[in-house]
Amino acid sequence: MKCPKCQANWKQYKAGFNPSGSQHYRCGECNRVYTPKPIQQGYPEETRLLAIRMYVEGSSFGSIGRVLKVNPQSVANWVSQYTAKLPNAPMPAKVKKAELDELYTFVGKKKTKSTF
Ligand SMILES: [Zn+2]
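Definitions and cut-offs
- Residues numbered from 1 in each chain as written.
- Predicted model: local features only at pLDDT ≥ 70, side-chain atom pairs only at ≥ 80, totals over all residues.
- Pairing = 2+ DSSP bridges.
- Helix = DSSP H or I, 4+ residues; strand = E, 2+ residues; numbered from the N terminus.
- Axes fitted to C-alpha atoms, helices over the stretch in contact; angles between N-to-C directions.
- Parallel < 35°, antiparallel > 145°, perpendicular 65-115°, else oblique.
- Left-handed = near helix turned anticlockwise from the far one by under 90°.
- Contact = placed C-beta atoms within 7 Å.
- Nonpolar A, V, L, I, M, F, W, Y, C, P; charged D, E, K, R; others polar.

A. Representation of the pairing of strand S2 (residues 23-27) within the structure. In the sheet, strand S1 (residues 12-17) pairs with S2 via 4 bridges, with the strands oriented antiparallel. In the strand pairing of S2, Phe-17 is matched with Gln-23. Bridge count between S2 and strand S3 (residues 33-34): 2 bridges; the pairing is antiparallel. Across the sheet, Arg-26 pairs through a bridge with Val-33, a residue of S3.

Shown next, in the form of structure tokens:
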């Protein structure tokens, strides 16, 4: 066991459990209380990212589920959580340019020094 604060790997004492059931440790050097291995909720991130990758590559939820031995519904959830976090699809170039022109016009009208 190693203290995440002072890196001491001596005098590390068990210090009870947190509400989710993870073992706590206390460092005898700096008194830091820490949780060395939080209990994994659900599947590891590695598995989730791989599932999303496979989905992007064209696999169905069912086949991803079979390959990774996970519930296809979980795969569907991960994909929807992931896509919800993505920024909006980029605007077509034409629209973007029009917006920039508008912005430049606006900045010009203000007659103040641009901080760009
Ligand atoms: Zn420490």
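B. Spatial organisation of the packing of helix H2 (residues 61-68) against helix H3 (residues 72-85). Look at H2 against H3: their axes get within 8 Å of each other, and the N-to-C directions meet at 115°. When the axes of H2 and H3 are compared, the pair comes out roughly perpendicular. The crossing of H2 and H3 is right-handed. On H3, the residues that touch Phe-61, Gly-62, Ile-64 and Gly-65 of H2 are Pro-72, Val-75 and Ala-76. Grouping the constituent residues of the contact of H2 with H3 by class yields 5 nonpolar, 2 polar and no charged.

C. Layout of the environment of Ile-52. Within the secondary structure, Ile-52 is located in helix H1 (residues 45-56). On a C-alpha basis, the gap between Ile-52 and Ile-64 in space is 8.9 Å, while along the polypeptide they are 12 residues apart. Once residues within four sequence positions are removed from consideration, Ile-52 is found in contact with Trp-78, Val-79 and Tyr-82.

These figures capture arrangement, not role.
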